[in-house]
Amino acid sequence: MSANIYHNRKAQWLAYIGLFLLLALVPVLFDSPFLLNQLARYAVFAMLAVSVSLVWGYGGILSLGQGIAFGLAAYGMGMTMQMQFQDPVSDPVPSFMLTNDLSTLPLLWEPFWSTPVGLALTIAVPTIFFIGFGAMMFQARVAGVFVAIMTLAMLAAWYAMAYDMQPFTSGFNGISPPMPFEFAGVSIDPYSPTAYLICVGFLAALTLAVKLLMQSKFGLVVQAIRDDPERVRFLGYNVAYYQVIVFAISGFIAACGGLCWVMVVQYVSPTSLELTLSVSAVIWAAVGGRLSLLGAILGAYLVNGLQSYMGDELQDVWMIVLGSIFIGVVLFLPRGLVGLIEDALGYFTGKSETETATVAIERTV
Amino acid sequence: MSLLELRNVSKRYGDFAAIDGLDLTINKGELRCLLGPNGAGKTTCMDLIVGRQRVSEGTVRLMGTDIAALSEHQIARKGVGRKFQIPSVFKELTVRQNLEVAFNRNKDPFLNMLSFKNFKGMKRYDEITDLIGLKDRSNTVSGLLSHGETQWLEIGLVLMQDPVLLLMDEPTAGMTEQETYKTSQIFNTLKGSHTLVVVEHDMSFVREIADVITVMHMGKLLAEGTITEIENNPQVRNVYLGTEGIH
Ligand SMILES: Nc1ncnc2c1ncn2[C@@H]1O[C@H](COP(=O)(O)OP(=O)(O)O)[C@@H](O)[C@H]1O
Ligand SMILES: [Mg+2]
C-alpha cells in the first residue's frame, strides 16, 4: 500500500520551498513596479492567512481578531515612518496633530523617534497584547464560538479607539507618512523589488518556521488540543498555556504582516482594524485549506487575485461574491482547494491515507 | 500503604448529593471494581479524584498528599490516569500520534518545540500497541477506528502516561462480547503491575477481572468485598433487583 505523497513530509517541504523560490523569482521575470507592489500586498495577506491557519486550522481557535495584531502593528509602522519624516528641532509634530490642536508630540509617540525602538514596539505590542488577551480567554476556558465573539468584540473596540482618538491617530483619515520607509540609510520604495522581497522573505521565514513548529511535539500537542482539550488536560498538559502560546505566535505573524503592509502601502487607517479584513483572512484560509499553511497562502493569493482582476462592475458586490465562495467551500470543499490536490495526488500515488483525512476533517470547526 | 484515600467525601449539586460521605481506600497494586446502578455516583467519584469536579466536603489523598485543590493537569502529572466513559481520543491524529501525545515526561511547551524525536521503535510504544492490539493500525487516523478499537486506544493513551493509578470508567461500554473478552485480558495483564479502579456494569467482565468490589448506591458506599460476598449480599441484591438485577 503506497501512501499519498501529499502526506510525505519531504515532498511537503519541497513544495513549500519551491513556492517561495518561485515567488522570489518574480522580480527577475517581470519588470513591473505595479505588479511587484500588488504581489507584495498579496504576500502580506498570505501572512494573515498563515496566522489564521495556525490558530484555527491547527489550534482549533477560531479567532476573528487577527486584525487586532495586524492593525496595531500597522499603526506602529505608520508612526515609525511618520517620525522618520519629522525633524526633532524644526518640525517635531506631525501636521495632522497640529490641525487637531495638539502642539506637542504625545508621550505615546515619543519612542517612535527611534526607528529600531519603533520597529520593536510595532511587533512587541501586538504580541504582548495577544499573550494577555489569550491568557484571559484560555485561563477561563473560553472555547469555540465564544472565542470568535470575544475576539470580534475586541477588534471592534480597537477599531473604535483608532477611529475616535483623532489627535493621536488622525482618525478616519489615517496616517500617510510622506516618505517611504528608510532602514539603515536605505530608502525602501514600496514599488521596488526590495520591498517585494522583504514581504516574501517574511512570508517564507514565518511559514517555514510554523511548519517546523507544527512538526515538533509542541505542534502535535496543539493539534491534540484542537481535537479534545479535556483529554489533553488529563494527560497532564497545561492546555491554556499551550493555547496562549499558539495565539501569541499567530498574533506575532499577523503583526509582521501589519508592519510589511504599511511599508508597501505607505498609509495606515482604521481599515486595518475593520472586521472585513479579519473575516476575509479567515475566508482566504478556508478557501485554500486551513489545515495547510500552503493552502492558506494559495487561498490568500487566489481570492485577492480574483478580486483585483474581476471586472469593475462586480467590485461593489465583492463581499457577496466572497461570502458565496466561502459558503461554497464550507459545503463542498471542507478541506479547501488543497483538499482537491490531496485527492488528486492520492488518486495517483496511493489512497491509503486520503480517505482517512476526509473523515477526520468533518469533525473540526 | 494506601495509594488513594477518600475520606468522608461529598459532592453536592444544590440540595442533591451525588456523592454523600464516601470513604474509599485503594491499595497499591490492586484492581478494584466499582459497581452500582446508573446514577450511583461512580463517574462523579472519578471526576472528584482527577479534579474535573471539586469536592464539596472531605479529603482526597494520593500517596498521602491532599490533591483536592490541584488542577487537572497537576493531578495527572502526579500519576493519575483517567479513561472517560465516553471514549475520547484525538480523532484527527493517527494512532501513533495519539500515543505520542500521551507519552511525555516533559510537558513544557517551549521544550516540546525543540522535540522532533521519531517515535518508532520506542519500547513502551511497542509494548502498549501490542497489548491493545493496534500495532498494525499505527498510521490509521483514529477517527476511523471502530468503537472497540477507540476504547482500546484510550486505554493505551492512559497507559502511555505511565500512571500510578488508572481510573477506567466503563471501559467495555458498547463492546461486543468478543471485544469485552479481549479487554478483560488486557486488564488481567495490567493487574499486579498497575493499580486500577474500574467502573463496570458487565458482571461477567467483573467476574473475569475483579479482586475486591465496591458497590455504590445513591452516592454512598453500599458494600465492599469479594465477588461471592457481593453476589450474596442481601442489600446489594435488593438495590439491583430494584433496578435491573445483577447478571
Ligand atoms: N453536573 C451535574 N449537575 C447536577 N447533577 C449531576 C451532575 N453530574 C452528575 N449529576 C448527578 O449525579 C448523580 C451521579 O451521576 P454519575 O456519577 O454520573 O453516576 P454513575 O456514573 O454512577 O452512573 C446522577 O444522579 C446525576 O444526575
Ligand atoms: Mg457513569
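Note that the structure is predicted; figures quoted are calculated from it, not measured. (Residues numbered from 1 in each chain as written. Chains lettered and ligands numbered in written order. Predicted model: local features only at pLDDT ≥ 70, side-chain atom pairs only at ≥ 80, totals over all residues. Heavy atoms only, no water.)

Asks: Before we go on, may I ask you to explain the sheet that holds strand β9 (residues 212-217) of chain B in this structure?
Replies: Two strands in a sheet stick together by hydrogen bonds in their backbones, pointing the same way (parallel) or opposite ways (antiparallel). Residue and element names in this part refer to chain B. Reading across from one edge, β6-β7-β8-β3-β9-β10 is the order of the 6 strands in this open sheet, with mixed pairing throughout. Each having just a single partner strand, β6 (80-83) and β10 (220-225) make up the two edges of the open sheet. Neighbour-to-neighbour, the strand axes of this sheet turn through a mean angle of 20 degrees, independent of strand direction. The sheet strands contacting helix α6 (residues 147-160) are β6 and β7 (165-169), and the helix crosses β6 at an angle near 175 degrees. (Pairing = 2+ DSSP bridges. Helix = DSSP H or I, 4+ residues; strand = E, 2+ residues; numbered from the N terminus. Axes fitted to C-alpha atoms, helices over the stretch in contact; angles between N-to-C directions. Contact = heavy atoms within 4.5 Å.)

Asks: Would you take a moment to explain the sheet that holds strand β2 (residues 16-27) of chain B for this structure?
Replies: Residues and elements named next belong to chain B. With antiparallel pairing, 4 strands are arranged side by side in an open sheet as β2-β1-β4-β5. Of all the strands in the sheet, just β2 and β5 (65-66) have a single pairing partner and so form its edges. Inspection of the sheet shows strand β1 (residues 2-13) paired to strand β4 (residues 57-62) by 5 bridges, in the antiparallel sense. Each bridged residue has a counterpart across the sheet, and for R7 the counterpart in β4 is T59. Running over the sheet, helix α1 (residues 42-50) touches β1, β2 and β4 and is turned about 115 degrees from β1.

Asks: Looking at this structure, I do not really get the coordination of the magnesium ion (ligand 2). What am I missing?
Replies: By definition of the ideal shapes, four donors in a tetrahedron about a metal sit 109.5 degrees apart, and six donors in an octahedron sit 90 or 180 degrees apart. Residue and element names in this part refer to chain B. Distances from the magnesium ion (ligand 2) to its protein donors, namely T43 (OG1) and Q85 (OE1), fall within the range 2.0 to 2.3 Å. Here the residue T43 occupies a position in helix α1, and Q85 occupies one in the loop between β6 and α3 (95-102), the gap between them amounting to 42 residues. Given the relative accessible area of 25%, T43 is considered partly exposed. (Donors = N, O, S within 2.8 Å, 3.2 Å for Na, K, Ca; no water. Buried < 20%, exposed > 50% of the residue type's maximum accessible area, 1.4 Å probe, protein only.)

Asks: In this structure, what is going on with α3 of chain B? I would like to understand it.
Replies: Side chains that are three or four residues apart share a direction in an α-helix, a result of its 3.6 residues per turn. With respect to burial, α3 of chain B is a largely interior element, 7 of its 8 residues being buried. Among the residues of α3 of chain B, V95, R96, N98, L99, E100, V101 and A102 of chain B are the ones counted as buried. Buried residues along α3 of chain B sit in contact with α9 (217-227) of chain A together with α5 (123-132) and α6 of chain B.

Asks: Would you take a moment to explain the site of ligand 1 for this structure?
Replies: Residue and element names in this part refer to chain B. Every residue close to ligand 1 is listed here: Y13, F16, A18, P37, N38, G39, A40, G41, K42, T43 and T44. G41 places a polar main-chain atom, nitrogen or oxygen, 2.9 Å from an oxygen atom of ligand 1. Between K42 and ligand 1, the recorded distance is 2.8 Å, taken from a backbone N or O atom to an oxygen atom. Contact with the protein chains removes 63% of the 570 Å² of surface that ligand 1 exposes when unbound. For the shell around ligand 1, the secondary structure elements donating two or more residues are β2 and α1. (Near = heavy atom within 4 Å. Polar contact = N/O pair within 3.5 Å; in protein donor to acceptor, adjacent residues only side chain to side chain. Areas by Shrake-Rupley, 256 points an atom, 1.4 Å probe, with all protein chains shown as cover.)

Asks: Whenever I open this one, unusual backbone geometry confuses me. Can you help?
Replies: Excluding glycine, most residues fall at negative phi; most peptide bonds, likewise, are trans. All names here are of chain A. Despite not being glycine, A184 shows a phi value in the positive range, around 50 degrees. Looking at where A184 falls in the secondary structure, it is placed in the loop between β1 (181-183) and β2 (186-188). Despite not being glycine, Q266 shows a phi value in the positive range, around 55 degrees. Within the secondary structure, Q266 is located in the loop between α11 (239-265) and α12 (275-288). Given the relative accessible area of 18%, Q266 is considered buried.

Limitation: the analysis is restricted to geometry and does not speak to function.
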